[in-house]
Amino acid sequence: MSITTIASAAMLIAVMISLYSIRSNFRLRSSGNMLQLEVGRRIQLEQQLLEKQNYLTAIIQTEPECVKLLSREGLVLDINPAGAALIDAEPAQVRGTCIYSVVAQQDQAHYRALTERVFRGESGILEFQIESPKGRMRWLETHAVPMRNAAGTIIALLGITRDITARKNSDEEVRRHHFELARVCRLVTVNEMAMTLAHELNQPLCAITSYMESLRNMAREAEGTSHERMGEIAGKAAAQAERAGQIIRRVREFASTQESGKLPSHVNSLIQDVISICMAEARQRGVSVLLHLADELPTVLADPILIQQVILNLIRNGIEAMEELPDESGRLLVTTRRTDADTVEVTIADNGCGLPDAGTERAFTPFYTTKPQGMGMGLSISRSIIKAHGGNLRLEADSHSGGTTARFSLPVFLEEPG
Ligand SMILES: Nc1ncnc2c1ncn2[C@@H]1O[C@H](COP(=O)(O)OP(=O)(O)OP(=O)(O)O)[C@@H](O)[C@H]1O
Ligand SMILES: [Mg+2]
């Protein structure tokens, strides 16, 4: 091989080497650039991750609810300040301790059951009590979910817990309030029953007294009085005594069950029975009583004695309102009708003094009376009775006569088909 050949070969090799090195250099430079880019991308990613982590940490740290991670055994793996504050501590003091050192004895089994469920992959909610080392009791509500690692394995219980002590206390307050209300209601019922008896028994007792008075007078002047007449009066007294007994029984049953004693009743005949009781009083006060009773009224499901007491109270109010009227000008009109709303309506209208300025509703207030001898219980008792029968009772001013109309309705008794 000649020198020239060697030289040209060497030249070629040199050229090739330099070409190779230029190419490698170029490759090296471009892969260096790529590396740089990759590093930049990673740094950016790490920064983003860090930012995200800071962001999450900030949220958890400032979250007003307790956020904690627990192991299966109940060790506190991590907790935020709000959580630690629930037991008056700092997060560092709580990490690594066992949750069961603060969970109230009676709730520990429930808490363990919840933890087991979470480690089986379920989530759950539990209300429980804790006692802080300083002895402060709190009610908490925790929402627990499984916390998984990248492989999907459950590594902790993630619990978001809130203090519900205030709500529990107010629930307790409401419960106490209801209990107290029920107690007061029972007292009111007893009180109302006593008042009702006192009010309703007044009439038959007065009647009995006056019948007995007549009998005594007759006995004193026995001559000229037929035995039949005395027997008749004694019979009336006995009927009133019987009525008083019925009232006591019925009011007692009404107060205890509000149900018994109701049977399909004809309102017209209840009215006619009552009218015979108060006719003497009406006549004595110069009041004429008119009845406009609808034919073929349907029956109502009613306690006859109690509905009669209502009618009696309203008629007596009407008669009393006409006390100041000139002789024989008092008119009491009692009507019945069936309404479109499938009720039987009874009205008792007078042309008396009219309602007091306090208005119609005030008249229903227990013990409200404008009468010297009044108890102020007649309307309130009557409304309770009508309401217990599913009806309503109200008073209306009658602009035409200047008097008052009392109006009550009772649902028609509809027999069950078949
Ligand atoms: N028809 C009426 N006309 C005018 N005022 C009436 C009428 N009915 C009731 N009031 C008014 O309503 C008040 C309360 O009536 P309510 O029947 O409850 O008690 P009271 O009649 O005063 O006493 P009682 O307990 O003996 O019935 C009456 O005192 C009276 O002022
Ligand atoms: Mg009255």
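The text that follows walks through the structure, step by step, so that each part is easy to find. (Residues numbered from 1 in each chain as written. Chains lettered and ligands numbered in written order. Predicted model: local features only at pLDDT ≥ 70, side-chain atom pairs only at ≥ 80, totals over all residues. Heavy atoms only, no water.)

## Re the packing of aromatic side chains
At step 1: With the rule as written, the count across this model stands at two aromatic pairs.
At step 2: Judged by centre distance (5.9 Å) and plane angle (90°), the rings of Y100 and Y111 are edge-to-face. With Y100 in the loop between α3 (91-94) and α4 (108-119) and Y111 in helix α4, this pair connects stretches of sequence that are 11 residues apart.
At step 3: Relative accessible area serves as the criterion here: at 0%, Y111 is assigned to the buried category.
At step 4: Between the aromatic rings of Y111 and F128, the centroid separation amounts to 4.9 Å while the plane-to-plane angle is 80°, which identifies the pairing as edge-to-face. Of this pair, Y111 sits in helix α4 while F128 sits in strand β3 (residues 124-131), placing them 17 residues apart in sequence. Across this residue pair, the class does not change: Y111 and F128 are buried.
At step 5: Through a chain of ring-to-ring contacts, three or more aromatic side chains come together here, namely Y100, Y111 and F128.
At step 6: Note that R112 overlies the ring of Y100, its terminal NZ or CZ placed 3.9 Å from the centroid.
At step 7: Taking the ring centre of W139 as reference, the NZ or CZ of K168 above it sits at 4.5 Å. (Phe/Tyr/Trp six-rings, centres within 6.5 Å; stacked < 30°, edge-to-face > 60°. Helix = DSSP H or I, 4+ residues; strand = E, 2+ residues; numbered from the N terminus. Buried < 20%, exposed > 50% of the residue type's maximum accessible area, 1.4 Å probe, protein only. Lys NZ or Arg CZ within 6 Å of the ring centre and 35° of its normal.)

## With respect to the site of ligand 1
At step 1: N317, T369, T370, K371 and M377 are the nearest of the 18 residues found near ligand 1.
At step 2: One of the side-chain N or O atoms of K371 is found 2.6 Å from an oxygen atom in ligand 1.
At step 3: Of all the elements in the fold, those that place two or more residues in the shell around ligand 1 are α8 (304-321) and α10 (378-388).
At step 4: Of the residues contributing to the shell around ligand 1, the split by class is seven nonpolar, nine polar and two charged. (Near = heavy atom within 4 Å. Polar contact = N/O pair within 3.5 Å; in protein donor to acceptor, adjacent residues only side chain to side chain. Nonpolar A, V, L, I, M, F, W, Y, C, P; charged D, E, K, R; others polar.)

## Focus on the environment of V346
At step 1: With respect to the helices and strands, V346 occurs in strand β10 (residues 343-350).
At step 2: Under the relative-accessibility criterion, V346 is labelled buried at 0%.
At step 3: Residues V346 and L410 lie 64 residues apart in sequence; the distance between their C-alpha atoms is 8.6 Å.
At step 4: Beyond its immediate sequence surroundings of up to four residues, V346 is in contact with V267, I271, T335, T336, A406, R407 and F408. (Contact = heavy atoms within 4.5 Å.)

## Overview of unusual backbone geometry
At step 1: Positive phi values are uncommon outside glycine, yet D342 reaches one of about 60°.
At step 2: Structurally, D342 can be placed in the loop between β9 (330-338) and β10.
At step 3: Accessibility expressed as a relative area gives 31% for D342, which makes it partly exposed.
At step 4: One non-glycine residue, F367, lies in the positive phi region at around 70°.

## Quick notes on the pattern of salt bridges
At step 1: According to the stated counting rule, one finds 23 salt bridges in the structure shown.
At step 2: Close ionic contact of E116 with R72 constitutes a salt bridge, the shortest N to O distance being 3.8 Å. Of the two residues, E116 is situated in helix α4 and R72 in the loop between β1 (66-70) and β2 (76-79); the sequence distance between them amounts to 44 residues.
At step 3: As a salt-bridge pair, E141 and R162 come within 3.7 Å of each other at their nearest N and O atoms. Within this pair, whereas E141 is found in strand β4 (residues 137-148), its partner R162 is found in strand β5 (residues 154-163), the two being separated by 21 residues in sequence. (Salt bridge = Lys/Arg side-chain N within 4 Å of Asp/Glu carboxyl O.)

## A few points about the sheet that holds β10
At step 1: Taken in spatial order, the five strands line up as β7-β9-β10-β12-β11 in an open sheet, and their pairing is mixed. Single-partner strands in this sheet number two, and they are β7 (287-293) and β11 (392-397). Looking at each pair of strands side by side, their axes are set apart by 15° on average, direction ignored.
At step 2: Of the strand pairs in this sheet, β10 and strand β12 (residues 404-411) are connected by seven bridges, and their pairing is antiparallel. Each bridged residue has a counterpart across the sheet, and for V344 the counterpart in β12 is L410. (Pairing = 2+ DSSP bridges. Axes fitted to C-alpha atoms, helices over the stretch in contact; angles between N-to-C directions.)

## Considerations on the layout of surface pockets
Vacant regions in the atomic arrangement are exposed by a probe of water-molecule size rolled over the atoms.
At step 1: Taken as a whole, the second largest pocket spans an internal volume of roughly 290 Å³.
At step 2: As for the second largest pocket, its lining consists of 14 residues, and the residues nearest its centre are T57, I60, V67, L69 and D78.
At step 3: Within the residue set of the lining of the second largest pocket, elements represented by two or more residues are α1 (3-62), β1 and β2.
At step 4: With five residues, α1 is the largest single contributor of residues to the lining of the second largest pocket. (1 Å grid on protein atoms, 1.4 Å probe; cavity = no way out; pocket = protein on both sides within 12 Å on 5 of 7 lines; lining within 4 Å. Points joined across faces, edges and corners; volume = space filled by probe spheres on them.)

## Examining the nonpolar core
At step 1: Membership of the largest hydrophobic core comes to 46 residues, with the highest contact counts inside it found for I311, I315 and F408.
At step 2: When residues of this core are assigned to their parent elements, the largest contribution, nine residues, is made by α8.
At step 3: Looking at which domains feed residues into this core, each of domain 2 (172-260) and domain 3 (262-418) supplies at least three.
At step 4: Apart from the residues within four sequence positions on either side, I315 is in contact with V274, I275, C278, L332, V334 and I348. (Core = buried A, V, L, I, M, F, W, Y, C linked by side-chain atoms within 4.5 Å. Domains from an automatic or database assignment.)

## Section: the sheet that holds β5
One key point about sheets: their strands pair by backbone hydrogen bonds, in either a parallel or an antiparallel sense.
At step 1: Judged by pairing direction, the sheet is antiparallel, and its five strands sit side by side in the order β2-β1-β5-β4-β3 without closing on themselves. Looking along the sheet, the strands with just one partner apiece sit at the ends: β2 and β3. Within the sheet, the average angular offset between the axes of one strand and its neighbour, ignoring direction, is 30°.
At step 2: Here β4 pairs with β5 via nine bridges, running antiparallel. Bridge pairing links E141 to R162 in β5.

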